[in-house]
Amino acid sequence: MKNYTVIIVAAGNSSRFKQKNNKLLYQINDSNTVIEETLALFLSDPFCTEIIVGVNDEILNFLLKKNYQDQRFQFVLGGLERVDTIHHCLTNHKIKNEMVMIHDGVRCFVSLDFINKLNQTFYKENYEVLIPMLPITETLKKVNHCFVEKTINRDEYFTIQTPQVFKTVLLYNVYDEYFRTKNKKIIYDDSYLVELFAKNTKIHTILGEKQNIKITYFDDLKLLNLGK
């Protein structure tokens, strides 16, 4: 395995969480909030030598009060959209490692074993991009104005998770290209930028973890018996 940098996206306003507090600050167990649990995971990995956290003012103030002083940390104020936050992280801190993982701050249930698997596979196979995926098990239909248009072959579609792994040079290049364009598209994940601006680069996939859910709604926590 190889040393890597992680960029953790933690600048959202949790508009869909429908609770008083930001979902990143939800107390997930006796000791940690969601964002603290995510940070603890990467702090426990000796191969993670840089942790860049894209934050808003609320999350930054919380983490500073918690005295996150590890030398691996770099906090960067994010932007209006996720893509802006990551761009700020890239341009405000010169990344030292050749490998970068980008991870959603609200995905606090990913395992260190899986992080190690990503690292090992990416390095061993000399990939430029590696993203985790899960097969869709529900029936998939295209719906327009509450009416079904057709049923989709779900075997051809997958949901995508983070961390996504990139060679650092490639990540800088596709972000630079995106911010040079005048007609910016909605960017759903970072590998989409590779699709748009590095069309000859293969995006490799690996089977993800079912437990690695993205906390979006409060009901997501209820499903895990964590919602109070």
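Thresholds, definitions, all that
Every residue gets a number counted from 1 within its own chain, in the order that chain's sequence is written. Local features in this predicted model are restricted to residues of pLDDT 70 or higher, and side-chain atom pairs are both shown and tallied only at a pLDDT of 80 or more, whereas totals for entire chains, interfaces and linings draw on every residue. Remark: hydrogens and water are excluded; side-chain values derive from all non-hydrogen atoms of the structure. Only DSSP runs of H or I with at least four residues qualify as helices, and only runs of E with at least two residues qualify as strands; both kinds are numbered from the N terminus onward. Between two residues, a contact is recorded if the distance between any of their heavy atoms is within 4.5 Å. Throughout, the Shrake-Rupley method with a 1.4 Å probe supplies accessible areas, and for residues the shown protein chains are the sole cover considered. A positive count includes Lys and Arg, and a negative count includes Asp and Glu. His and the chain ends are not counted in either. Where a charge lies is defined by one atom per residue type, namely NZ (Lys), CZ (Arg), CG (Asp) and CD (Glu). Each reported salt bridge corresponds to a side-chain nitrogen of Lys or Arg within 4 Å of a carboxyl oxygen of Asp or Glu. Categorising residues by exposure relies on relative accessible area from a 1.4 Å probe, with only protein chains included: less than 20% of the type maximum marks a residue as buried, more than 50% marks it as exposed, and the intermediate range marks it as partly exposed. Strand pairing follows a simple DSSP-based rule, namely that at least 2 bridges must link the two strands. A fitted line through C-alpha atoms serves as each axis, taken over the contacting stretch for helices, and the angle formed by two N-to-C directions is quoted from 0 to 180°. Orientation labels follow simple angle bins: below 35 degrees gives roughly parallel, above 145 gives roughly antiparallel, 65 to 115 gives roughly perpendicular, and whatever is left gives oblique. Only Asp, Glu, Lys and Arg are considered charged, only Ala, Val, Leu, Ile, Met, Phe, Trp, Tyr, Cys and Pro nonpolar, and every remaining residue, Gly among them, polar. As used here, the arc is the angular range of directions from the helix axis to the C-beta atoms. Distance and chemistry together define a polar contact, namely a pair of N or O atoms within 3.5 Å, with one atom able to donate a hydrogen and the other to accept it when in protein, and with adjacent residues in sequence counting only for side-chain atoms on both sides. Throughout, nonpolar core names a set of buried Ala, Val, Leu, Ile, Met, Phe, Trp, Tyr and Cys residues whose side chains join them through atoms within 4.5 Å.

The protein chain appears in an unreviewed UniProt entry as 2-C-methyl-D-erythritol 4-phosphate cytidylyltransferase from Spiroplasma poulsonii.

### Describing the overall build of the protein chain
Secondary structure assignment for the protein chain yields seven helices and 10 strands. Along the longest, intermediate and shortest principal axes, the C-alpha atoms of the protein chain span 55 × 45 × 40 Å. Intrachain contacts of the protein chain at a sequence separation of at least 6 include 71% that bridge at least 24 residues. For the protein chain, the accessible area works out to roughly 13000 Å², and carbon and sulfur atoms hold 48% of it. Positive and negative charge centroids in the protein chain, built from 29 and 27 side chains respectively, lie 3 Å apart.

### Looking at the pattern of salt bridges
Summed over the entire model, instances satisfying the criterion amount to seven salt bridges. Note that Arg82 and Asp104 form a salt bridge whose closest N and O atoms lie 3.1 Å from each other. Placement of Arg82 in helix 3 (residues 82-91) and of Asp104 in strand 4 (residues 99-104) is noted, with a sequence separation of 22 residues between them. Among the residues examined, Arg82 registers a relative accessible area of 23% and is labelled partly exposed. A relative accessible area of 7% means that Asp104 is categorised as buried.

### Side note on the pairing of strand 9 (residues 164-167)
Strand residues, when the strand is regular, have side chains that alternate between the two faces of the sheet. Relative to strand 9, strand 4 is paired through four bridges, and the arrangement is antiparallel. Looking at the pairing, Met101 lines up with Val165 of strand 9. Two elements, strand 5 (residues 129-135) and strand 9, share two bridges in a ladder whose sense is antiparallel. From the neighbouring strand, Val129 faces strand 9, where its bridge partner is Phe166.

### Looking at the environment of Glu81
Within the fold, Glu81 resides in the loop between strand 3 (73-77) and helix 3. For the pair Glu81 and Ile187, spaced 106 residues apart in sequence, the C-alpha separation works out to 9.1 Å.

### Points about the packing of helix 5 (residues 168-180) against helix 6 (residues 190-197)
Remark: helix 5 packs on helix 6, axes separated minimally by 9 Å, with the N-to-C direction vectors making an angle of 75°. Considered as vectors, helix 5 and helix 6 are oriented roughly perpendicular to each other. From helix 5, Leu170, Val174, Tyr175, Glu177 and Tyr178 reach across to helix 6, where they touch Asp190, Leu193, Val194 and Phe197. Class assignment for the residues of the contact of helix 5 with helix 6 results in seven nonpolar, no polar and two charged.

### Side note on helix 2 (residues 57-65)
If you check which residues of helix 2 are buried, you get Ile59, Leu60, Phe62 and Leu63. Taken end-on, helix 2 shows its buried residues confined to a sector of 165°, consistent with a single buried face. Of the residues in helix 2, the exposed ones pointing more than 90 degrees away from the buried face are Asp57 and Lys65. Buried residues in helix 2 make contact with strand 1 (4-10), helix 1 (34-43), strand 2 (48-55) and strand 3. For helix 2, the N-terminal cap is Asn56; the gap from its side-chain oxygen to the backbone nitrogen of Glu58 is 3.2 Å. Of the residues flanking the end of helix 2, it is Asn67, one or two places downstream, whose phi is positive at about 65°.

### Overview of the nonpolar core
One finds Ile35, Leu39, Phe42 and Ile51 to be the most contacted residues of the largest nonpolar core, which totals 37 residues. Sorting elements by how many residues they give to this core places helix 1 first, with five residues. Filtering out sequence-adjacent residues up to four positions away, Ile51 remains in contact with Val6, Ile8, Leu39, Phe42, Leu43, Arg72, Phe73 and Gln74. Counting residues in each nonpolar core, the second largest holds 26 residues, with Ile86, Val100, Tyr178 and Leu193 among its members.

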